[in-house]
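If you want the building blocks of each chain, they are given just below.
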Amino acid sequence: MLNRRTFNKALGIGTGATAASLAGFQNTANASATGRDGGATPTPTTPTTAPAAHTSLGPLKQVKAGLLDVGYAEAGPAHGPVVVCLHGWPYDIHSFVDVAPRLASQGYRVIVPYLRGHGTTRFLSSRTFRNAQQSAVALDIIALLDALKIERAVLAGFDWGSRTADIIAALWPERVKALVSVSGYLVTNVAAQQKPLAPQAEYAWWYQYYFSTERGRLAMEDKADRHGLCRLVWDTVSPTWDFDDATFERTATAFENPDYAAIVIHNYRWRLGLAEGEQRYDRYERVLATRPVIAVPTITLDPERDPFTAPGNGAAYRDRFTGPYDHRTLAGIGHNVPQEAPAAFTQAVVDADRL
């Protein structure tokens, strides 16, 4: 367990003082579920509201937090219980365009930040190394909570967002009321990444290896190549999601951040052990390499049509969650769960809050 004061002191981050107690609401979701004891639970009913009901998260806000000037959207009452929604790659805050208003309507204060290198989030100093190793990104969210004086929140994410939320829940559980993690336990062990996966799994990670090359870096720096590559990823990892061009273009504006290419390339190279991190994060990476357990109340979601979803209905990571727990497999859903299945994602947040 990492001491919060020590964690803050190491990176020059302040502390927040406002505690938030969270309350849930009753709703419905389209999911098959496994209960805390591993037994089956009834499948909830799908709500009638369709995805893509909203196109905007409203005016953005900015706040200086740690190393960044963070851009974020906010919805719901200012003093409501807090949910922080964390996006992945190649996505942005619009993954939660239908989730945020659903939660806000039930009294939650919803915070949806752009991760470093995305959208309107900027580094405060041009001298800061454009580092995207996992603990650095997690500390960005701790700094954001502190800047907004949020003591405790439900964390909910997918892709990079799941990894970030998992890390905070594992290392800093006193800041996490509950966790919703798409694809389960995503904490990276760089040494373990050297072991080959099954061929089909390796095939799904093609862009990770592309980014290890100079060609991949140049593609991410070129607007047209970057646009086409990210669109291809959307198409392949969400094969059943019938999104339109406008939906993609709303998110693609987040890729114009001047640090976007550097952050994306470093993230994937670092995971494969091909790029160095920073020494100040070593202590946290050493802990994360041990695959620490997560004891906060958690719901994990496995999207059935996501090529990265491991077989076994969550069995591969079940032992990493030691607190109140539920697992759900989302039939017919691909990688971008909150945007493809906002009702199921929203319900998971509420239910995790009530575990």
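Residues numbered from 1 in each chain as written. Predicted model: local features only at pLDDT ≥ 70, side-chain atom pairs only at ≥ 80, totals over all residues. Heavy atoms only, no water.

Chemist: What is the right way to look at the nonpolar core in this model?
Modeler: Grouped burial of nonpolar side chains is what soluble globular proteins tend to show. Core analysis: the largest hydrophobic core is formed by 102 residues, its most contacted members being Val-84, Trp-89, Phe-211, Leu-301 and Phe-345. By residue number, the principal contributor to this core is helix H3 (residues 134–147), which donates nine residues. Apart from residues no more than four positions distant in its own chain, Trp-89 is found in contact with His-118, Asp-159, Trp-160, Tyr-207, Phe-211, Met-220, Leu-229, Cys-230, Val-233, Tyr-260, Val-264 and Tyr-268. (Core = buried A, V, L, I, M, F, W, Y, C linked by side-chain atoms within 4.5 Å. Buried < 20%, exposed > 50% of the residue type's maximum accessible area, 1.4 Å probe, protein only. Helix = DSSP H or I, 4+ residues; strand = E, 2+ residues; numbered from the N terminus. Contact = heavy atoms within 4.5 Å.)

Chemist: Would you mind showing me how to read the pairing of strand S11 (residues 325–330) here?
Modeler: It is a general feature of regular strands that their side chains alternate between the two faces of the sheet. Here S11 lies mainly inside the structure; six of its six residues are buried. By the alternation rule, side chains of S11 split into Tyr-325, His-327 and Thr-329 and Asp-326, Arg-328 and Leu-330, which are all buried.

Chemist: What's the story with the environment of Ala-204 in this structure? I'm lost.
Modeler: Along the chain, Ala-204 turns up in helix H5 (residues 199–204). The buried category is assigned to Ala-204, whose relative accessible area is 12%. Residues Ala-204 and Phe-308 lie 104 residues apart in sequence; the distance between their C-alpha atoms is 7.0 Å. Setting aside residues no more than four positions away along its own chain, Ala-204 makes contact with Pro-307 and Phe-308.

Chemist: In this structure, what is going on with the confidence of the model for the chain? I would like to understand it.
Modeler: For any part of a model where pLDDT is low, the fine detail of the predicted coordinates should not be relied upon. Confidence in the prediction for the chain averages 88 pLDDT; 85% of positions are at 70 or higher. In this model, residues 1–49 is a region of pLDDT below 50 whose contacts with residues beyond four sequence positions or in other chains number 118 contacts. (pLDDT = per-residue confidence, 0-100.)

Chemist: How should I be thinking about the side chain of His-327 in this particular structure?
Modeler: Among the structural elements, His-327 can be located in strand S11. Classification of His-327 as buried rests on a relative accessible area of 2%. Polar contacts involving the side chain of His-327 include one to the side chain of Asn-313, which spans 3.1 Å. A polar contact of 3.4 Å, which involves the side chain of His-327, links it to the side chain of Tyr-317. (Polar contact = N/O pair within 3.5 Å; in protein donor to acceptor, adjacent residues only side chain to side chain.)

Chemist: Honestly, H3 in this entry has me stumped. Any pointers?
Modeler: In an α-helix there are 3.6 residues to a turn, and that puts residues three or four apart on one side. With 14 residues, H3 extends 20 Å from end C-alpha to end C-alpha; this agrees with the ideal 20 Å at 1.5 Å per step. Of all 14 residues in H3, 13 are buried; the element is thus mostly enclosed. Just past H3, the residue Lys-149 takes up positive phi, approximately 55°. (Expected span 1.5 Å × (residues − 1).)

Chemist: Help me understand the pairing of strand S10 (residues 298–303), please; the structure alone is not making it clear to me.
Modeler: Judged by how many residues are buried, S10 sits mostly within the fold: six of six residues are covered. Where burial is concerned, the two faces of S10 agree: the one with Thr-298, Thr-300 and Asp-302 and the one with Ile-299, Leu-301 and Pro-303 are both buried. Looking at chain direction, strand S9 (residues 176–182) and S10 are connected through four bridges and run parallel. Across the sheet, residue Ser-181 finds its bridge partner in S10, namely Thr-300. Relative to S11, S10 runs parallel, the two being bridged by six bridges. (Pairing = 2+ DSSP bridges.)

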